[in-house]
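In case you want the letters, here they are:
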Amino acid sequence: QVQLVESGGGLVQAGGSLRLSCAASGRTFSRYFMGWFRQAPGKERELVARITWSGGSTYYADSVKGRFTISRDNAKNTVYLQMNSLKAEDTAVYYCAARPSSLATYTHWGQGTQVTVSS
């Protein structure tokens, strides 16, 4: 089992930066693909970024490509989302999620952290 706890959200002005962290418990963290999702009010949850267990492959939604960077430190059981050049449309609750590499569905979710970007 993997339990996930996000931190690092907050209020920032447009153009600013935030770094989200997701601390995972469980001995098998390194075997999981990790993803960051977000959900804005009235919108569906969307995958923002994903990283493989080794960190060797990443995916970004077009809306954040070039501005956000996902990374992980398996020794610390932590995955990060560095968010630069933030825009008002990045405002959302951000969720960390994990899935075994053999599955397409994310099986473990954090509680979410609010990111608010003021314009």
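Below, the structure is looked at part by part. Since the model is a prediction, treat every value here as computed from it, not as a measurement. (Residues numbered from 1 in each chain as written. Predicted model: local features only at pLDDT ≥ 70, side-chain atom pairs only at ≥ 80, totals over all residues. Heavy atoms only, no water.)

### Quick word on the side chain of Arg 99
- Position of Arg 99 among the secondary structure elements: in strand E9 (residues 92–100).
- Here Arg 99 is buried and forms no salt bridge, its nearest opposite-charge partner Glu 6 lying at an N-O distance of 15 Å.
- Excluding anything up to four places from it in sequence, Arg 99 contacts Tyr 32, Phe 33, Arg 50, Ala 104, Thr 105, Tyr 106 and Thr 107. (Helix = DSSP H or I, 4+ residues; strand = E, 2+ residues; numbered from the N terminus. Buried < 20%, exposed > 50% of the residue type's maximum accessible area, 1.4 Å probe, protein only. Lys, Arg positive; Asp, Glu negative; His and termini not counted. Salt bridge = Lys/Arg side-chain N within 4 Å of Asp/Glu carboxyl O. Contact = heavy atoms within 4.5 Å.)

### A closer look at the packing of aromatic side chains
- Applying the stated criterion across every chain, the model contains three aromatic pairs.
- Note on Tyr 106 and Trp 109: the rings are 6.2 Å apart at their centroids and 55 degrees apart in plane angle, and the pair reads as tilted.
- Trp 109 gets classed as partly exposed once you look at its relative accessible area, which sits at 31%.
- Aromatic rings pair up to connect Phe 37, Tyr 106 and Trp 109 into one cluster.
- Lying over the aromatic face of Trp 109, Arg 45 brings its terminal NZ or CZ to 4.0 Å of the ring centre.
- The ring of Tyr 106 carries the charged tip of Arg 99 above its face, separated from the ring centre by 5.4 Å. (Phe/Tyr/Trp six-rings, centres within 6.5 Å; stacked < 30°, edge-to-face > 60°. Lys NZ or Arg CZ within 6 Å of the ring centre and 35° of its normal.)

### Quick notes on the state of the cysteines
- The tally for this structure, following the rule as stated, stands at one disulfide.
- There is a disulfide in this structure between Cys 22 and Cys 96, and the S-S distance comes to 2.1 Å. Looking along the S-S bond of the Cys 22-Cys 96 disulfide, the torsion reads about -80 degrees, which is the left-handed sense. Of the two residues, Cys 22 sits in strand E3 (residues 18–25) while Cys 96 sits in strand E9, which places them 74 residues apart along the sequence. Each member of the pair, Cys 22 as well as Cys 96, is classed as buried. (Disulfide = S-S within 2.5 Å.)

### Here's the deal with the pairing of E3
- In terms of strand pairing, strand E1 (residues 3–7) meets E3 through five bridges, oriented antiparallel. Opposite Val 5, over in E3, you have Ala 23 as the bridge partner.
- Relative to strand E8 (residues 78–83), E3 runs antiparallel, the two sharing six bridges. Across the sheet, residue Arg 19 finds its bridge partner in E8, namely Gln 82. (Pairing = 2+ DSSP bridges.)

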